[in-house]
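Overview (structure and organization)
Listed below, chain by chain, are the residues.
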Amino acid sequence: MTGGDVLVERHDGVLLVRLNRPQRHNAIGGTMLRDLAAAFDEAGRDDAVRVVVTIGVGAAFCVGADVADFDRVRHLPARELLVSDLIGGEKGLPARSPADVPAEELGNAGRWALRMWALEKPTIAAVNGAAVGGGFGIALLHDIRLAASTARLGTGFAAAGLAPELGISHLLPRVAGYAAAAELLLTGRLVDAAEARELQLVSGVVPDEELLERAMELAGRIASGPPLGARLTKRLLRRSAAAELEAQLRAEYTAQVTLFDHPETRAAMDRLAQRVMRRRD
């Protein structure tokens, strides 16, 4: 793919995926989620692909939801909004019929996360710059995370009065422990690359200019081994967690349905959008 919100390159057994909305700091929108999931689908179908590496174009990995979407969707009921492409852009998911919406258990965020999670081949997130909110969730959906020295990571949901999604409430405690996960989720603060390494959010920190090279070197090392062994090792690592991701995604969606319709959440989202837009101006 030579254009669009996601760029995909082949490097021997490594599929390099670039999030390509640099003018919005790679905020989630447009066709980014759709094309990212399609790239993971491609990796799953192609035996020549052994590892996937994801990185952001420009100065950010992904800053999460595009706050420019907030104002035009604020009038919608949560159940309608969270199964649509009106926030977060296209996700490449089958549309829900009106009759299905009241019975929905995962929402589009949960359905999309499961599609990403289905890839059994090793994945690496090269976190360049900010990875916040949904962008942090995208990074957590990868097996390994490397951070540039100027990277910043955080959950971001607290400022908008929202609960986590994309499986963050399932994955973060397993990576950083319950107490650290609770503190990061409830305060919404960002951590720099050094602290992210201490919290085990990332496995390594490298100079900015070396990030992609180091991520590709690591991917190449993994890709050079027998692919079935890597696949079954990843499967075992996932099964080592007691709870299932899908159950937690259902719980996240239930929390978001409640919160998106609450007036305090709406007010918090408005304040956040105004702050971000002022900074852009």
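The structure we're discussing is the one just above.
Let us look at the structure shown here. No experiment lies behind these values; they were computed from the predicted model shown. (Residues numbered from 1 in each chain as written. Predicted model: local features only at pLDDT ≥ 70, side-chain atom pairs only at ≥ 80, totals over all residues. Heavy atoms only, no water.)

Here we take up a positive patch on the surface. Positive charge collects at one region of the surface, where Arg 271, Arg 275, Arg 278 and Arg 279 lie side by side. Mapped onto the fold, Arg 271 is located in helix H12 (residues 263–280). Using a relative accessible area of 48% as the deciding quantity, one classes Arg 271 as partly exposed. (Patch = residues over 30% accessible without salt bridge, like charges linked within 9 Å, V, L, I, M, F, W, Y side chains within 5 Å. Areas by Shrake-Rupley, 256 points an atom, 1.4 Å probe, with all protein chains shown as cover. Salt bridge = Lys/Arg side-chain N within 4 Å of Asp/Glu carboxyl O. Lys, Arg positive; Asp, Glu negative; His and termini not counted. Charge placed at Lys NZ, Arg CZ, Asp CG, Glu CD. Helix = DSSP H or I, 4+ residues; strand = E, 2+ residues; numbered from the N terminus. Buried < 20%, exposed > 50% of the residue type's maximum accessible area, 1.4 Å probe, protein only.)

If you look at soluble globular proteins, the nonpolar side chains tend to sit buried side by side. Leu 36, Phe 61, Trp 112, Ile 138, Leu 153, Leu 172 and Leu 201 are the most contacted members of the largest nonpolar core, which has 72 residues in total. A total of seven residues in this core trace back to one element, the largest contributor, which is helix H1 (residues 32–45). Other than its neighbours up to four places away in sequence, Leu 153 contacts Val 127, Ala 131, Phe 136, Arg 189, Leu 190, Val 191, Ala 196 and Val 202. Judged by nonpolar contacts, the second largest core, of 15 residues, contains Val 14, Val 53, Leu 211 and Ala 219. (Core = buried A, V, L, I, M, F, W, Y, C linked by side-chain atoms within 4.5 Å. Contact = heavy atoms within 4.5 Å.)

Turning our eyes to something else, we now look at the pairing of strand S4 (residues 123–127). The element S4 is largely enclosed, with a buried count of five among its five residues. Inspection of the sheet shows strand S3 (residues 51–56) paired to S4 by four bridges, in the parallel sense. Bridge pairing in S4 places Val 52 opposite Thr 123. Summarising the sheet, S4 and strand S6 (residues 144–148) pair through four bridges and their orientation is parallel. Each bridged residue has a counterpart across the sheet, and for Ala 125 the counterpart in S6 is Arg 145. (Pairing = 2+ DSSP bridges.)

For Val 276, the location among the structural elements is in helix H12. Spatially, the C-alpha atom of Val 276 lies 9.1 Å from that of Ala 68, the residues being 208 residues apart in sequence.

A separate point is the sheet that holds strand S5 (residues 130–132). In space, the three strands of this open sheet follow the order S5-S7-S8, with mixed pairing throughout. Each having just a single partner strand, S5 and strand S8 (191–192) make up the two edges of the open sheet. Of the strand pairs in this sheet, S5 and strand S7 (residues 152–154) are connected by three bridges, and their pairing is parallel. Bridge pairing in S7 links Val 132 to Gly 154.

Turning to the environment of Gln 274, a few remarks are in order. When you line up the elements, Gln 274 lands in helix H12. A relative accessible area of 46% places Gln 274 in the partly exposed class. Distance from Gln 274 to Ala 68, taken between C-alpha atoms, is 9.5 Å for residues 206 residues apart in sequence.

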